[in-house]
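An overview of the molecular structure
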Amino acid sequence: MKRPLNAVVIVGLMLGGILGMAGTFVGDPRLRTVFWGIDGLGLIVATAILSLKNFRSGNDAVAAGFLLFCIGESVMLGGTPQTLEAMVPSFAAGVALWAAALLMTGIPPRFALWARVASVIAAIVFLITFGEILWGVRILPTAFPLPGLGFPFLVLAFCGWIRALVREP
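Now for a quick tour of the structure. (Residues numbered from 1 in each chain as written. Predicted model: local features only at pLDDT ≥ 70, side-chain atom pairs only at ≥ 80, totals over all residues. Heavy atoms only, no water.)

1. Points about empty space enclosed by the protein
Applying the stated criterion across every chain yields a total of one cavity of 30 Å³ or more. Here the largest cavity is characterised by a volume of approximately 280 Å³. Trp36, Asp39, Met76, Trp98 and Phe151 are the residues nearest the centre of the largest cavity, which is lined by 22 residues in total. Going through the elements one at a time, α1 (4-25), α2 (29-56), α3 (60-79), α4 (88-106) and α6 (150-166) are the ones with two or more residues in the lining of the largest cavity. Tallying contributions element by element places α1 first for the lining of the largest cavity, with five residues. In the lining of the largest cavity, the residues fall into 13 nonpolar, seven polar and two charged. (1 Å grid on protein atoms, 1.4 Å probe; cavity = no way out; pocket = protein on both sides within 12 Å on 5 of 7 lines; lining within 4 Å. Points joined across faces, edges and corners; volume = space filled by probe spheres on them. Helix = DSSP H or I, 4+ residues; strand = E, 2+ residues; numbered from the N terminus. Nonpolar A, V, L, I, M, F, W, Y, C, P; charged D, E, K, R; others polar.)

2. Concerning the side chain of Lys53
Assignment of secondary structure puts Lys53 in helix α2. Of the polar contacts made by the side chain of Lys53, one reaches the side chain of Glu168; its length is 3.3 Å. Non-local contacts of Lys53, meaning those with residues more than four positions away in its chain, are made with Arg3, Asn6, Leu165 and Glu168. (Polar contact = N/O pair within 3.5 Å; in protein donor to acceptor, adjacent residues only side chain to side chain. Contact = heavy atoms within 4.5 Å.)

3. Observations concerning the environment of Ala93
Residue placement: Ala93 occurs in helix α4. The class for Ala93 is partly exposed, based on a relative accessible area of 30%. With 40 residues separating them in the primary sequence, Ala93 and Ile133 have C-alpha atoms 9.8 Å apart. (Buried < 20%, exposed > 50% of the residue type's maximum accessible area, 1.4 Å probe, protein only.)

4. Side note on the packing of aromatic side chains
Evaluated as defined, the whole model comprises 10 aromatic pairs. Judged by centre distance (4.7 Å) and plane angle (80°), the ring pair of Phe66 and Trp161 falls under edge-to-face. With Phe66 in helix α3 and Trp161 in helix α6, the pair connects residues that are 95 residues apart, well separated along the chain. As far as the burial class goes, Phe66 and Trp161 line up, both buried. Taking 5.3 Å as the distance between ring centres and 45° as the angle between the ring planes, the aromatic pair formed by Phe158 and Trp161 counts as tilted. With a gap of three residues between them, Phe158 and Trp161 both fall in helix α6, about one helical turn apart. Under the relative-accessibility criterion, Phe158 is labelled buried at 3%. Across from the ring centre of Trp36, 5.9 Å away, lies the NZ or CZ of Arg32, which sits over that ring. (Phe/Tyr/Trp six-rings, centres within 6.5 Å; stacked < 30°, edge-to-face > 60°. Lys NZ or Arg CZ within 6 Å of the ring centre and 35° of its normal.)

5. Comments concerning the packing of α2 against α3
For any two helices packed against each other, the geometry is given by the interaxial angle and the distance between the axes. Contact pair α2 / α3: the axes reach a minimum separation of 8 Å and the direction vectors enclose 160°. Classified by the angle between their axes, α2 and α3 sit roughly antiparallel to one another. Note that α2 runs across α3; the crossing there is left-handed. Tallied by class, residues from the contact of α2 with α3 come to 14 nonpolar, six polar and three charged. (Axes fitted to C-alpha atoms, helices over the stretch in contact; angles between N-to-C directions. Parallel < 35°, antiparallel > 145°, perpendicular 65-115°, else oblique. Left-handed = near helix turned anticlockwise from the far one by under 90°.)

In short, shape yes, function no, at least from these values alone.
Here's what the structure looks like:
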C-alpha cells in the first residue's frame, strides 16, 4: 500500500468491526472489555485520521462526521471497563454521536451508495436507541433488537469506508 496511514485506518476499522461485534456476543465480561477496548481504540485512531484526510480534501461535512464518530467512540471507551448496566449512560451518549456522525458521512456523496444507505440505516437505529434510553427504557449495549440491529449496518459502513481507501488513486 502506497499510503501507510491508509493501512492504519483499514486495520483500525477492521479491528473495530470484528472485535466490536465479537464483544457484543461474548459471554465473559473480561473478554468483552478487552474486545471493546481494542475495538474502541482502533476506531478512534481510524476516524481521527479519516477526519483529517477528508478535511484536507475539502469534504468538510464528512470530516466533521468522522470527528463526531471519534468523539462518540471516545465517550463509549470510557465506559468499557464497567458492567453493562453501568455503561448505559456513556453508551447512550456514544450512540447519539455515532448517529450524527453516520448521517454526516452517509448523506454526502463521498462513499458508494450501498455504504451510505448502511450508514443512514445504522444512524436511524442508533437515534431510536438513544431516544428510548432518554425516555427511560433500560437498553444495554448488547440488547436486541435495539441497538443490535444497527451494528451490522455500522460494520457495512466501515466496509464502504475501507473500499474508498483501497480505491484511492
